[in-house]
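Survey of secondary and tertiary structure
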Amino acid sequence: VITNKMNNKSMKRLGHGSSESRRPPSRVQSQSTTNQARRSAIINPTQVITVVIFSIISFYCGTLMGWSACSSSPHNHGQDQNGLTDSNQNCNEICKNMKCNNTTPRKYTTSGTSKRFSSKLSHWATGLVSINRKDLFDTYDFGVPMSDGAEKEDVLMLYNERKAMPNERSLSRAAEYDGDIPHTTAKEATENCDSMSVVFIKNPDSRKIGQCVALVGGQYQGYHVQRWQRLIGEGPKGKTDRSAPLRVTSRMTNGAGYDEFLLPKKELVEKHQGIMKTYFTYLTKIREDLDAILKKIAVNNSVVVMTVNKGQSDLLMNFACSARARGFSLDNVLVFPTDIFSKDLAEGLGLATFYSHELMEHVPERDSKRYGDGTFGAIMLAKVICVHLVNDLGYDLLFQDVDISWYKNPFDFFHSAENSGFDMYFQDDGNRQQRFAPYSANSGFYFVRSNDRSKVLFRSMMYAGDLIFAARSHQQVLIQLLSEHNSLSGLRVKVLSRDDSEFPSGYHYNMRKDYMKQMVRGDKTPYMFHMCWTLNRDDKVAYMKQMGMWYLKDNCVGQKAASLGDINTACCSAEPIIECAYKDKASIIPCKDSPQKDKGSPSFW
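None of these values were measured; they are calculated from a predicted model.

At their nearest, the axes of helix H15 (residues 452–462) and helix H17 (residues 474–488) sit 10 Å apart, and the two run at 140 degrees to each other. Taken together, H15 and H17 sit at an angle that is classed as oblique. For the pair H15 and H17, the crossing hand works out as right-handed. Contacts between H15 and H17 involve Val 456, Leu 457, Ser 460 and Met 461 from the former and His 474, Val 477, Leu 478, Leu 481, Leu 482 and His 485 from the latter. Looking at the contact of H15 with H17 residue by residue, the class counts come to seven nonpolar, three polar and no charged.

Take a look at the structure:
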């Protein structure tokens, strides 16, 4: 094209198209014209190079435009009159084959000419990028449950040195210089991070307090967060006052100023010291006797550990009845009863037991009247003792409360290859109170691999019995220690998010009616169900009966084992015993004629 244009111009310079050109040329003129035309026809090398360069540019521009079109959001234009497939579908297929989304490097721009951080900050902060929170959690499993809204929220990644920043030069420059904070993927953002410190930040009560976060560079490295708050008063008498100076306080202090961390009183310290004295006195004999039992019942070096007192013995009986009715073997279940009544019932059910009067005499026989009372706290320490002993002897264990029903074998999940990366797996409690941060782990259903890290954790739990008595719950203390040992020893802790459907609990029963309806219809079949989030034992039984989780006959409740004969035959039903209690609670049959449990709550059906 360029050559033709040049010839036409030459022709015009020769006078073609003018009135003069119509006169017949002389011989001399004709010869001259012919020579000039020949010279014009000769291709100039510069012109050839120009053509090649423009051809290459045109080719790549067209290719990039095509890739860009393929990468954009497709629109469904349907088919044309000839029935041909939509052009966008063809385009997407080409993109798929050519992997065009991965071949075009992303470019970042910045208008900044000054460093983002001044010389007074650059000794520890050199660059900054943002990452989608869900992308970061999908790339790195931190073990904590991911909070809602992650798809719409970003994370700040701060680089301490330039060598830690991404390889892409335009991204690194945008991160380092003034202007908008560049956004990138978690993979690209961390490709040169030899280490990464992760801090989870959320205002515990944005309605009452304004929170500031101070990142102190150049200081001796710290692995804890200091909490400062404007308060008057101490502990449970504390109150937030914006006129008061900032001062150090407990991380469990809520927005109102109330400190939920309860320090143990002298009598609780002495009570725990007495238990520990007994523990160390009989420890050698206890370990020998327990190990002999564990060697007989362990399957793949794993056992199920449970503890029970007389007040909750019917819940243990129901678990055994329901598990066997659904075809599960209980050969590797080990029960730690706290009294002879419970021991006889467990053995009558065919379950292995380990009973030590000396260790369990501090636990009352009665059932706790409500969550968190003194009896509840005493039972919590019994849970710690049995888990610690089994873990310390080198056995993996699944600890579970007695208010649980199995639908699938939980060990199939915990022993699978894809779930081998953590030391401990916990059911998500669902409660997001400040005192359960950051894990919100449920202490009534969890799996532990026996290793040096988990052994140190549960030894620490044994020595924290006075804190358990003060809190009247070992869940709070356990989560505190999980955070500490995750940081200290690298203990790998995973909480199975409440948003997943494999391990539901009382949170779902009370708060997720949509999930319960899916379960009732048979659309969801979890591994188990934990009927926690209840006020007392009576509520547990009522809810379990409504949901078809109850298999224990009423005539066996509260009876001694000796009076029941063959307990499995006399007490266990082959089918669930279903009874309605409340119309506004989930049930597998309509309970519309039953009374209401929660005021103002609509009927489940």
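With that settled, consider the pattern of salt bridges. Taken as a whole, this structure holds 26 salt bridges when the rule is applied. Of the charged contacts in the structure, one is a salt bridge between Glu 176 and Lys 115, with a shortest N-O distance of 3.2 Å. Placement of Glu 176 in helix H7 (residues 169–176) and of Lys 115 in the loop between helix H5 (100–103) and strand E1 (127–132) is noted, with a sequence separation of 61 residues between them. Owing to a relative accessible area of 5%, Glu 176 belongs among the buried residues under this scheme. Judged by relative accessible area, Lys 115 falls into the partly exposed class, the value being 42%. Among the ionic pairs, Arg 537 bridges to Asp 314, the shortest N-O distance being 2.4 Å. Taken together, the residues span a long stretch of sequence, with Arg 537 in helix H20 (residues 537–546) and Asp 314 in helix H10 (residues 313–325) at a distance of 223 residues.

The strand order across the open sheet built from three strands is E4-E3-E5, with neighbouring strands paired in antiparallel fashion. The open sheet is flanked by strand E4 (239–240) and strand E5 (246–249), the only strands paired with a single partner. Looking at chain direction, strand E3 (residues 227–232) and E4 are connected through two bridges and run antiparallel. Bridging from a neighbouring strand, Ile 232 pairs with Lys 239 of E4.

What follows covers the sheet that holds strand E6 (residues 302–308). Note: strands within a sheet are paired through backbone hydrogen bonds, in either parallel or antiparallel orientation. Taken together, seven strands build an open sheet; the order of strands is E8-E7-E6-E9-E12-E11-E13 and the sheet is mixed. Of all strands in the sheet, those with a lone pairing partner are strand E8 (352–353) and strand E13 (493–496), marking the two edges. One ladder, built from five bridges, connects E6 with strand E7 (residues 333–337); its direction is parallel. Within the sheet, the bridge partner assigned to Val 304 lies in E7 and is Val 333. Along the sheet face, helix H9 (residues 266–297) touches E6, E7 and E8 and points at about 150 degrees away from the line of E7.

Quick notes on the rules
- Residues numbered from 1 in each chain as written.
- Predicted model: local features only at pLDDT ≥ 70, side-chain atom pairs only at ≥ 80, totals over all residues.
- Heavy atoms only, no water.
- Axes fitted to C-alpha atoms, helices over the stretch in contact; angles between N-to-C directions.
- Helix = DSSP H or I, 4+ residues; strand = E, 2+ residues; numbered from the N terminus.
- Parallel < 35°, antiparallel > 145°, perpendicular 65-115°, else oblique.
- Left-handed = near helix turned anticlockwise from the far one by under 90°.
- Contact = heavy atoms within 4.5 Å.
- Nonpolar A, V, L, I, M, F, W, Y, C, P; charged D, E, K, R; others polar.
- Salt bridge = Lys/Arg side-chain N within 4 Å of Asp/Glu carboxyl O.
- Buried < 20%, exposed > 50% of the residue type's maximum accessible area, 1.4 Å probe, protein only.
- Pairing = 2+ DSSP bridges.

Everything listed is a geometric property; what it means functionally is a separate question.
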